[in-house]
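A closer look at the structure
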Amino acid sequence: MRRPLGILLAALAIPTVAPAQADSTGPDPVAQLVARLDLERYKATIKGLTRFGDRRQGTDRNGAAVDWIEAQLRSYGCSDVARLKYNYQPPAPRVRTDSAAPAPPARDTTRASGGGRYRGLRARTGVNADSLKQPDARVRALDAQASSPGAREEVYCTKIGDTHPDEMYIVGAHMDGIGWGEAANDDGSGTALVMELARVLSSPDVRTDRSIRFILWNNEESGLNGSRAYVEQRRTLQGTKDEPKWLGMIQHDMMLFDHGMPRADGTLPPDQRPEADVNIEFQGSAKLAAEAEQLAWVFQRANEKYGTDYPASVGSHMTNTDSAPFQDYVPAISLRENERGTQIGAGWDPNWHQPTDLYSTYSDKDFRLGLNAAQTTLAALAGLVGATTK
């Protein structure tokens, strides 16, 4: 049986009302913080990430991007800048040893990853592995080095809370990409969003009651390996001096492109659709699904109040993203441009893992969807952690 909303919100440290203002006539501190987000700064951060091509894990360009991200976080004044280190070895290919074994059951092609059901028209998706499909010689050269197994690093920093520094929300995005493009959307758009939140909330005049950790995962494209490594290394440290207690995990992955369903010929409209929205997903089969759902609605309400252009919707099929390793240990949600399984998996983003995932592919209408996702997360987080400005 599900617990009443009030009990869930209390357990999550989620306020049932907006944070109190300094006085009845004073400015809204959440609105003040959201106003510090800027479209051009967001675009510039994405552009900075594309200097490193697709940032594929296990390459020099990936390491250079991690260094650049760390330097940016330090320049914002974000505290406790550190790196999580782990070793990545690709899994051995599967080999069938019993030729007489029965074939696996036929896959239900009406069901999408994460539990949703496909509807309407679909287009083919996949990962481009052909360098010659990238016509830009500069990008092709940037992406030329192949991935090698071995040591990996991912960078994070922390806004330390004043009254409950031992409790924190984790805000993440993955910085690696594939497909012989610039990984501008997947996931430069999410990485830049998290970096911009770190910039705003690390300002010296901003205080929070609880802590926030901003982390840029590595090895997402190889199987969520960076976020899995974090969970494996740090989950049992919660409540010690080395790791605050996790209150929630919020992931951002592909924030820019919501042009609608594919047309009959597989193409999509060239412009962002007016009814584009920010998709907030939780996983309905997770152990903490009820708590994650309530967290998702907190974010939807934040968008309703503080999002400037595009609304937000809530769904229950979160899948294939870096919040998944957390979902049975802490309320976990994902924000993105479309539903991961039923829409992106059905071809709603033709640039996904393709050479066309370039900064130049996207218009300001696209970038503004990502900015609205940043407004959504910043507003919700500000309420969750009790953020105020001097």
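First, a word on what this report is: a plain description of the structure on this page.

Scoring rules and cut-offs
Numbering of residues starts from 1 in every chain and runs along the sequence as written. It should be noted that, the model being predicted, local features are given only for residues of pLDDT at least 70 and side-chain atom pairs only at 80 or more, the latter also being counted only at that level, while totals for whole chains, interfaces and linings use all residues. Computation of side-chain values covers all heavy atoms of the structure but excludes hydrogens and water. For this document, the term salt bridge refers to a Lys or Arg side-chain nitrogen within 4 Å of an Asp or Glu carboxyl oxygen. Working definition: helices are DSSP H or I runs of at least four residues, strands are E runs of at least two. Numbering for both runs from the N terminus. Each residue's exposure class comes from its accessible area (1.4 Å probe, protein chains only) as a fraction of the maximum for that residue type: buried when under 20%, exposed when over 50%, partly exposed otherwise. The set of buried Ala, Val, Leu, Ile, Met, Phe, Trp, Tyr and Cys residues whose side-chain atoms join them within 4.5 Å is what this entry labels a nonpolar core. Two residues form a contact once any of their heavy atoms are found within 4.5 Å. The pairing criterion for strands is at least two bridges between them, as found by DSSP. To define axes, lines are fitted to C-alpha atoms, for helices over the stretch in contact only, and angles between the resulting N-to-C directions are given on a 0 to 180 degree scale. Ring pairs are drawn from Phe, Tyr and Trp, using the six-membered ring of Trp, whenever the two centres fall within 6.5 Å, and their geometry is named by plane angle: stacked under 30 degrees, edge-to-face over 60, tilted for the rest. Two conditions define a charge located above a ring, namely a distance within 6 Å from the ring centre to NZ of Lys or CZ of Arg, and an angle within 35 degrees of the ring normal. Expected helix span is taken as 1.5 Å per residue step, with the number of steps being one fewer than the number of residues.

What about the pattern of salt bridges?
Under the criterion given, the structure shown has 23 salt bridges. Across the pair Glu-243 and Arg-213 runs a salt bridge whose closest N-O atoms are separated by 3.0 Å. Pair noted here: Glu-243 is in the loop between α7 (225-234) and β6 (245-252) and Arg-213 is in strand β5 (residues 210-217), with a separation of 30 residues, a long-range link. For Arg-336, the salt bridge goes to Asp-253, with nearest N and O atoms at 3.6 Å. Residue Arg-336 is found in strand β9 (residues 332-336), and its partner Asp-253 is found in the loop between β6 and β7 (278-281); the two are separated by 83 residues along the sequence. Of the residues examined, Asp-253 reaches a relative accessible area of 2% and is grouped as buried. Residues joined by salt bridges that share partners form a network here, namely Asp-67, Glu-70, Arg-74, Arg-83, Lys-85 and Glu-153.

A closer look at the nonpolar core
Counting 72 residues, the largest nonpolar core has Ile-69, Leu-73, Phe-214, Phe-299 and Ile-333 as the members making the most contacts within it. Residue contributions to this core peak at 12 residues, all from helix α9 (residues 364-385). Beyond its immediate stretch of four places on either side in the chain, Phe-299 contacts Ile-250, Ile-280, Ile-333, Leu-335, Thr-376, Thr-377, Ala-380 and Leu-384. One finds Val-231, Phe-326, Val-330 and Ala-332 within the second-largest nonpolar core, a separate group that totals 17 residues.

With respect to the sheet that holds strand β8 (residues 312-315)
One open sheet holds the eight strands; their spatial order is β1-β2-β5-β3-β6-β9-β7-β8, and the pairing between them is mixed. Taken across any chain shown, the strands that pair with only one partner, and hence form the sheet edges, are β1 (79-88) and β8. Pairs of neighbouring strands in the sheet enclose a mean axial angle of 25°, with direction left out of account. For strand β2 (residues 150-159) and β5, the ladder comprises five bridges, and the chain directions are antiparallel. Bridge pairing in β5 places Lys-159 opposite Ile-212. This element, α7, spans β1, β2, β3 (164-174), β5 and β6 of the sheet and lies at about 105° to β1. Strands β6, β7, β8 and β9 of the sheet are contacted by helix α8 (residues 289-306), whose axis makes an angle of about 35° with β9.

Focus on the pairing of β3
Within β3, eight of the 11 residues are buried, leaving the element largely enclosed by the surrounding structure. Judged from the eight bridges that link them, β3 and β5 form a sheet pairing that is parallel. Of the residues in β5, the one forming a bridge with Ala-173 is Leu-216.

Thoughts on the packing of aromatic side chains
For the structure on display, the rule yields nine aromatic pairs. Here Tyr-359 and Phe-367 contribute two aromatic rings whose centre-to-centre distance is 5.1 Å and whose plane-to-plane angle is 35°, an arrangement assigned as tilted. Comparing Tyr-359 with Phe-367 shows no difference in burial state: the two are buried. The lysine or arginine in question, Arg-122, covers the ring of Tyr-118, its NZ or CZ lying 3.8 Å from the ring centre.

Some words on unusual backbone geometry
Note that the residue after Asp-186, namely Asp-187, is joined by a cis bond; omega there is 5°. If you trace the backbone, Asp-187 turns up in helix α6 (residues 184-201). Unusually for a residue other than glycine, Ala-183 sits at a positive phi of about 50°. Within the fold, Ala-183 resides in the loop between β3 and α6. In this model, Leu-224 sits at a positive phi of 60°, which is unusual for a non-glycine residue.

Description of α6
Between its first and last C-alpha atoms α6 spans 24 Å; for 18 residues at 1.5 Å apiece the expected length is 26 Å, and the two agree. Counting buried positions over the 18 residues of α6 gives 18, a clear majority of the element.

Some details on the side chain of Asn-372
By the element assignment, Asn-372 lies in helix α9. With residues near it in sequence (within four places) discarded, Asn-372 still touches Val-278, Asn-303, Gly-307, Thr-308, Asp-309 and Tyr-310.

A look at the pairing of β6
The side chains of a regular strand alternate between both faces of the sheet. Summarising burial for β6: seven of the eight residues are buried, a large majority. In the sheet, β3 pairs with β6 via six bridges, with the strands oriented parallel. By the bridge assignment, Gly-172 is partnered in β6 with Gln-251. Note: β6 against β9, four bridges, orientation parallel. In the sheet register, His-252 faces β9, and the bridge partner there is Leu-335.

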